[in-house]
Amino acid sequence: MKQFFAFSVLILLFLSGCSSGNSNTAMDGQSLYKKTCASCHGENLQGAVGPTLVNIKSKYSEADIEKIISKGSQHMPANLLDSEDSKIVAKWLLTK
Ligand code: HEC
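Residue numbers run consecutively from 1 along every chain, following the written order of its sequence. A pLDDT threshold of at least 70 governs which residues receive local features in this predicted model, and a stricter bar of 80 or more applies before side-chain atom pairs are shown or counted, although totals over entire chains, interfaces and linings include all residues.

**Q** Just give me the short version of the site of the ligand, but keep the residues and values in it.
**A** Around the ligand there are 23 residues in total, and C37, C40, G50, S73 and M76 lie nearest to it. A run of H or I in DSSP becomes a helix once it reaches four residues, and a run of E becomes a strand once it reaches two; helices and strands are each numbered from the N terminus. Elements represented by at least two residues in the shell around the ligand include exactly α3 (38-41) and α4 (62-71). Looking at side-chain class alone, the shell around the ligand contains 15 nonpolar, 7 polar and 1 charged residues. Nearness here has a simple definition: the residue's C-beta atom, placed using the backbone, must lie within 6 Å of the molecule or strand. The classification used treats Ala, Val, Leu, Ile, Met, Phe, Trp, Tyr, Cys and Pro as nonpolar, Asp, Glu, Lys and Arg as charged, and all other residues, Gly among them, as polar.

Structure representation (structure tokens):
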């Protein structure tokens, strides 16, 4: 019984370790997009100041989009996201 208790405590520590780890990891693509891109590209990718990103997968690969995010463009600021977050947003956009 004592052993079982010790084991449970270990499991709990392990689980709480994991969940605190998760809260530190990046947001998902949609949240990142809403926070960083939606002001110019629209809540639903419909476009605003920036062009629509609907069906952007027909135009760009994941690497292209990452590059656009890191390098920016004529009227789009560079370095909006770090490379990890750019990847997440690029992947998410390609599912749209
Ligand atoms: C300050 C406004 C602004 C923000 C914020 C912004 N963009 Fe842009 N984006 C633009 C504009 C304007 C263009 C059109 C190209 C140009 O003239 O610079 C563009 C172009 C693009 C393109 C190329 C579209 C095409 O059809 O060629 C992609 C992809 C893109 N943006 C993705 C993003 C992503 C992803 C984010 C968020 C990380 C983002 N943008 C944030 C303004 C913005």
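After presenting the structure, the write-up continues.
**Q** Account for the packing of α4 against helix α5 (residues 83-93), naming residues and giving values.
**A** One can describe the packing of α4 onto α5 by two numbers: an axis separation of 9 Å at closest approach and a directional angle of 130°. With respect to each other, α4 and α5 are oriented oblique. Of the two elements, α4 crosses α5, and the hand of that crossing is right-handed. Note on element contacts: α5 touches α4 through S83, S86, K87, V89, A90, K91 and L93, opposite E62, I65, E66, I69 and S70. Looking at the contact of α4 with α5, its residues break down into 5 nonpolar, 3 polar and 4 charged. For helices, the fitted axis covers only the stretch in contact; all axes are lines through C-alpha atoms, and the angles between them, taken along N-to-C directions, range from 0 to 180 degrees. Any angle that is under 35 degrees is reported as roughly parallel, and any over 145 degrees as roughly antiparallel; angles of 65 to 115 degrees are reported as roughly perpendicular and all others as oblique. Less than a right angle of anticlockwise turn of the near helix away from the far helix marks a crossing as left-handed, whereas a clockwise turn marks it as right-handed. C-beta atoms are placed from the backbone for every residue, and two residues are taken to be in contact when these atoms lie within 7 Å.

**Q** Give me the lowdown on unusual backbone geometry, citing residues and values where you can.
**A** Unusually for a residue other than glycine, L45 sits at a positive phi of about 65°. Three exposure classes are used, based on other C-beta atoms lying within 10 Å of a residue's own C-beta, which is placed from the backbone: buried for 20 or more, exposed for 12 or fewer, and partly exposed in between. When the 18 C-beta atoms within 10 Å are taken as the criterion, L45 is described as partly exposed. Phi at N55 takes a positive value of approximately 60°, unusual for a residue other than glycine.

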